[in-house]
Amino acid sequence: MANENGNGKDAIAEIENSPELTRALRVWANAQIISRSMLANRLGTQFDGQRDLYKTFGYPQEPGYQDFRNLYDRQGMATRAVEKFADDTWNKPPVIIDGNARSDNLSENTTPFLKEWVALNERLSVIQILRQADVMLGFSRYSVVFMGAPGTDFSQPAGNDGLFYLMAFDESQATIQGYIDDTRSEKFAMPAAYSISFNSVDQGAPMPGGNTVHWSRVIHASENKLGSRLYGRPRLKNLINRL
């Protein structure tokens, strides 16, 4: 029994000192895990598995990138569902404040930082590229923004000598190629490099050093992450059975 002040310490002590009760709780917890696992495996079934609604209605049991991308490309409601969030975020550029100066109200008192930001956005279309990366999260578990920094070999770390261009890619165009294995690094288990198909959509000049890109040249974006630092849930995943 819990003590009268309601903090439950006596109950916790009773559990810890009772092997039988501890064993019973573990059995109950394992039963809950198994029950939920069985429920997941029987998703979309009725009559003890004799009727499979997913199979009947043609729902993919484990939809992937290509399923989501096909919907985005060919289904108007899916396209709207994906682009609505990105449009609401990026159609009106975010306001950047530096001291008393604002990026949406440039004046004689505008700071050098804001002047540089406005010039950078106009030169590289930063907001447009970020919108592209955001749209990709509707059908891709992650997207990346490649930063065209100086260097003759993109597999090497980026310098801080300038930024020439930005490019957005989804997970089919930018695959993870190795992970950081230093357990003392804040980037442990994060991508060490990517293999980016620069010309998978637009035909252009080959990139120097091939397709391997060092992580410092990439901004990795994902949303709705559960149990992963890298992979999120595409927006269309929850909607695919309705589309």
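Residues numbered from 1 in each chain as written. Predicted model: local features only at pLDDT ≥ 70, side-chain atom pairs only at ≥ 80, totals over all residues. Heavy atoms only, no water.

Colleague: Help me understand the overall build of the chain in this model?
Modeller: Scanning the chain from terminus to terminus reveals seven helices and 10 strands. Residues classed as buried in the chain amount to 28% of the 243 residues present. Within the chain, residue pairs in contact and separated by at least 24 positions form 54% of the contacts whose partners lie at least 6 positions apart. Working note: accessible area of the chain is about 16200 Å², and carbon and sulfur atoms make up 52% of it. (Helix = DSSP H or I, 4+ residues; strand = E, 2+ residues; numbered from the N terminus. Buried < 20%, exposed > 50% of the residue type's maximum accessible area, 1.4 Å probe, protein only. Contact = heavy atoms within 4.5 Å. Areas by Shrake-Rupley, 256 points an atom, 1.4 Å probe, with all protein chains shown as cover.)

Colleague: Would you take a moment to explain the pattern of salt bridges for this structure?
Modeller: All told, the structure shown has nine salt bridges when counted by the stated rule. Residue R69 is joined to D73 by a salt bridge in which the shortest nitrogen-to-oxygen separation is 3.1 Å. Note that R69 and D73 are positioned in helix α4 (residues 65-74) at a spacing of four residues, about one turn of the helix. Judged by relative accessible area, which is 46%, D73 ranks as partly exposed. (Salt bridge = Lys/Arg side-chain N within 4 Å of Asp/Glu carboxyl O.)

Colleague: Just checking my understanding: could you explain the sheet that holds strand β7 (residues 174-176) for this structure?
Modeller: Strands belonging to one sheet form pairs held by backbone hydrogen bonds; the direction of such a pair is parallel or antiparallel. Across the sheet, which stays open at both edges, the three strands sit in the order β7-β8-β9 with antiparallel pairing between neighbours. Among the strands making up the open sheet, the edge pair consists of β7 and β9 (212-214). Looking at each pair of strands side by side, their axes are set apart by 35° on average, direction ignored. Strand direction decides the pairing type here: strand β8 (residues 193-196) and β9, joined by three bridges, are antiparallel. Looking across to β9, one finds that A193 is bridged to H214. (Pairing = 2+ DSSP bridges. Axes fitted to C-alpha atoms, helices over the stretch in contact; angles between N-to-C directions.)

Colleague: Is there a simple way to think about the sheet that holds strand β10 (residues 218-221) in this case?
Modeller: Across the sheet, which stays open at both edges, the three strands sit in the order β6-β5-β10 with antiparallel pairing between neighbours. The open sheet terminates on both sides in strands that have one partner only, identified here as β6 (166-170) and β10. Direction aside, neighbouring strands of the sheet carry axes that sit 20° apart on average. When strand β5 (residues 143-147) meets β6, the two strands line up antiparallel, connected through five bridges. By the bridge assignment for β6, V144 is matched with F169. Contacts from helix α7 (residues 126-136) reach β5 and β6 within the one sheet, and its direction differs from that of β6 by about 5°.

Colleague: Teacher, can you tell me more about the confidence of the model for the chain here?
Modeller: Looking at the chain as a whole, its pLDDT mean stands at 79, while 69% of the residues score no less than 70. The model gives residues 1-9 a pLDDT under 50, and that stretch makes eight contacts with residues more than four places away or in other chains. (pLDDT = per-residue confidence, 0-100.)

Colleague: Before we go on, may I ask you to explain unusual backbone geometry in this structure?
Modeller: If a residue is not glycine, its phi is most likely negative; likewise, a peptide bond is most likely trans. A positive phi is found at S125, a non-glycine position, where the angle reads about 55°. Following the sequence through the fold, S125 ends up in the loop between α6 (112-124) and α7. On the basis of relative accessible area, S125 is assigned to the partly exposed category, the value being 29%. Phi angles above zero are rare outside glycine, and N224 is one such case at about 55°. Take N224: it is sitting in the segment after β10. N224 sits in the partly exposed class, given a relative accessible area of 39%.

Colleague: Help me understand helix α5 (residues 76-90) in this model?
Modeller: The α-helix winds at 3.6 residues per turn, so residues separated by three or four positions along the chain end up facing the same way. Look at α5: 21 Å from first C-alpha to last across 15 residues, which is about the 21 Å you get at 1.5 Å a residue. Along α5, the sharpest change in direction is near 35° and occurs at E83. Burial in α5 covers these residues: A78, V82, A86, D87 and W90. Where α5 is buried, its residues contact α4 and α7. A side-chain oxygen of the first residue of α5 lies 2.8 Å from the backbone nitrogen of M77; this N-cap is Q75. (Expected span 1.5 Å × (residues − 1). Bend = angle between axes of the 7 residues up to and from the residue. Polar contact = N/O pair within 3.5 Å; in protein donor to acceptor, adjacent residues only side chain to side chain.)

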